[in-house]
Amino acid sequence: MKVLAIETSCDETSIAVMQFDADGSFKLLSNIVSSQVKIHAPFGGVVPMLAKQEHQKNLVPILKHSLVETDLLKIRKSKGKNQNDNTKDIILKEILAREETLLKKLLPLLKKYKKPDIDLIAVTNGPGLEPALWVGVNFAKALAYYWNLPIIPVNHVEAHIIANWLPDATRLVTSTKLPYPIICLVVSGGHTQLILMRDVGVYKILGETRDDAAGEAFDKLAKMLNLGYPGGPIVAKIANQFKIGTLKFKILKFPRPMINSGDFDFSFSGLKTAALYFVKTLSSSQLKKLTPAICAEFQQAVIDVLAQKTIRAAKEFNVKTILLSGGVAANDFLRETLSLATNHLSLDFSVPPKNFCTDNAAMIALTAYLKTKKIKINSWKQIKVDANLRIT
Ligand code: KG4
Ligand code: ZN
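A brief look at the structure comes next. (Residues numbered from 1 in each chain as written. Chains lettered and ligands numbered in written order. Predicted model: local features only at pLDDT ≥ 70, side-chain atom pairs only at ≥ 80, totals over all residues. Heavy atoms only, no water.)

## Topic: the nonpolar core
Part 1: Core analysis: the largest hydrophobic core is formed by 53 residues, its most contacted members being Ile-294, Phe-298 and Leu-306.
Part 2: Contributing elements (two or more residues each) for this core: strand 7 (182-187), strand 8 (192-199), helix 7 (214-224), helix 8 (231-243), helix 9 (269-280), helix 10 (284-316), strand 10 (321-325) and helix 11 (332-344).
Part 3: The dominant element in this core, judged by the number of residues it contributes, is helix 10, at 15 residues.
Part 4: Aside from chain neighbours lying at most four places away, what touches Ile-294 is Leu-221, Leu-225, Leu-252, Phe-254, Phe-278, Val-279, Leu-282 and Leu-287.
Part 5: Leu-59, Leu-72, Leu-96 and Ala-142 belong to the second-largest nonpolar core, a separate cluster that totals 43 residues. (Core = buried A, V, L, I, M, F, W, Y, C linked by side-chain atoms within 4.5 Å. Buried < 20%, exposed > 50% of the residue type's maximum accessible area, 1.4 Å probe, protein only. Helix = DSSP H or I, 4+ residues; strand = E, 2+ residues; numbered from the N terminus. Contact = heavy atoms within 4.5 Å.)

This is the structure we're talking about:
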């Protein structure tokens, strides 16, 4: 079966096509990710209404590109217009009533090309930015209605976890199974959660951030230091300059919030405030000189807390695997720290290739496919956005 997946929960517009065969193997046929980083960079963070607008502009060109890439786009033979076409257009306009730009781009594509050889539509319906999520969901509904296809809503956090089962690029992979139970650390711009996973679809949230997400903390530090957006990769790169010894500033010590709290929750807003107070004491030349030290200490503080709590959860729940995922999982220092700790405990460690850590629709396609075995497939009418959707 072929799954067409759509992801618009934040500032990446992504569409993927994946093929699943009866022997359990799967192949990623296409995974296009269009980043809106340049649009949001001047604001130092994602502006939800701008994200909505960009998703509306991007979805149809990306869909077309992915259908061309997978050889699924075939021109329709014109039969002239009939009564049924008019009814279809009316319903399509109702589905996309709040996405006029998208509707204008989608209608010509649907008229010109045949229904592609797709069996299922998958779409992220939460958690995420509500206006951004609605664009993807309404687009998915429109396609499911027009092409008469079933649709599966996917939880974005679950998809980040399932990204660990994705193949590299287009390599065919057969049932790569990690031993359960698994402690999953999901760290991104919007989420920081420690989740106990007993199987695909069986999760328990052990703890989560009480304020900022880990990625958000990096983004806010970068904004404070005028380094650009998104902050995570820039802070990590500058922290590296410090590590290789061009500058040394040993006295700098930021707090490790909640590291000994006894639970599995996190808090990063106090760390951000500590960095801000320190930055305010510096002249601009001192700030320039100390930026690598600040980035390195900030990164170390975030990773100390994340790693310590993850390892404690792994021991307490006697798990067999530690799994890392989400945008911040692209951080080399976090990958190395958890990999070393896991090795030390003789556990399995899993983290996706970096391109599957940040938002992508391939992880949505695979999650949807795994869900087809466990849940009832929905009709497009039942799909709703839940910006605060929680993994269960
Ligand atoms: O998963 P993602 O693409 O989007 C959300 O679901 O939020 O994650 C984006 C987040 C951003 O906050 C970004 O700064 C962070 O992941 N990030 C990193 C790195 N690469 C991306 N944080 C730390 N180190 C990195 N190398
Ligand atoms: Zn994400």
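## Details of the pairing of strand 10
Part 1: Here strand 10 lies mainly inside the structure; 5 of its 5 residues are buried.
Part 2: Of the two faces of strand 10, both are covered, the one formed by Thr-321, Leu-323 and Ser-325 as well as the one formed by Ile-322 and Leu-324.
Part 3: Note that strand 7 and strand 10 share 5 bridges and pair parallel. Its bridge partner being in strand 10, Cys-184 is matched across the sheet by Leu-323.
Part 4: On the question of chirality, the crossover connecting strand 10 to the parallel strand 11 (residues 348-350) by way of helix 11 is right-handed. (Pairing = 2+ DSSP bridges. Right-handed = clockwise from strand over helix to strand, strands pointing away.)

## Focus: the coordination of the zinc ion (ligand 2)
Four donors placed tetrahedrally about a metal ideally form angles of 109.5 degrees, and six donors placed octahedrally ideally form angles of 90 or 180 degrees.
Part 1: Listed as protein donors to the zinc ion (ligand 2) are His-156 (NE2), His-160 (NE2) and Asp-359 (OD); their distances from the metal cover 2.0 to 2.1 Å.
Part 2: Written as a sequence motif, the donor residues of the zinc ion (ligand 2) are H-x3-H-x198-D. With His-160 in helix 6 (residues 156-162) and Asp-359 in the loop between strand 11 and helix 12 (362-372), the pair connects residues that are 199 residues apart, well separated along the chain.
Part 3: By relative accessible area, which is 0% here, His-160 ends up buried. (Donors = N, O, S within 2.8 Å, 3.2 Å for Na, K, Ca; no water.)

## Some thoughts on the site of ligand 1
Part 1: If you check the shell around ligand 1, you find 19 residues, and the closest are Gly-189, Asp-219, Gly-232, Asn-331 and Asp-359.
Part 2: The backbone of Gly-189 places a nitrogen or oxygen atom 2.8 Å from an oxygen atom of ligand 1.
Part 3: Here a nitrogen atom of ligand 1 sits 3.0 Å away from a polar atom, N or O, in the side chain of Asn-331.
Part 4: Taking 560 Å² as the accessible area of ligand 1 by itself, protein coverage stands at 92%.
Part 5: Counting residues per element, the ones that place at least two in the shell around ligand 1 are helix 6, helix 7 and helix 8.
Part 6: In terms of residue class, the shell around ligand 1 is made up of 6 nonpolar, 11 polar and 2 charged. (Near = heavy atom within 4 Å. Polar contact = N/O pair within 3.5 Å; in protein donor to acceptor, adjacent residues only side chain to side chain. Areas by Shrake-Rupley, 256 points an atom, 1.4 Å probe, with all protein chains shown as cover. Nonpolar A, V, L, I, M, F, W, Y, C, P; charged D, E, K, R; others polar.)

## Notes on unusual backbone geometry
Part 1: Omega for the bond connecting Gly-126 with Pro-127 falls within 30 degrees of zero, at -10°, which places this linkage in the cis form.
Part 2: With respect to the secondary-structure elements, Pro-127 resides in the loop between strand 4 (120-126) and helix 5 (130-147).
Part 3: The peptide bond linking Tyr-180 to Pro-181 adopts the cis configuration, its omega dihedral lying at -5°.
Part 4: If you trace the backbone, Pro-181 turns up in the loop between strand 6 (173-174) and strand 7.
Part 5: A positive phi angle, near 60°, is found at Asp-71, a position not held by glycine.
Part 6: You can see Asp-71 is positioned in the loop between helix 2 (48-69) and helix 3 (83-95).

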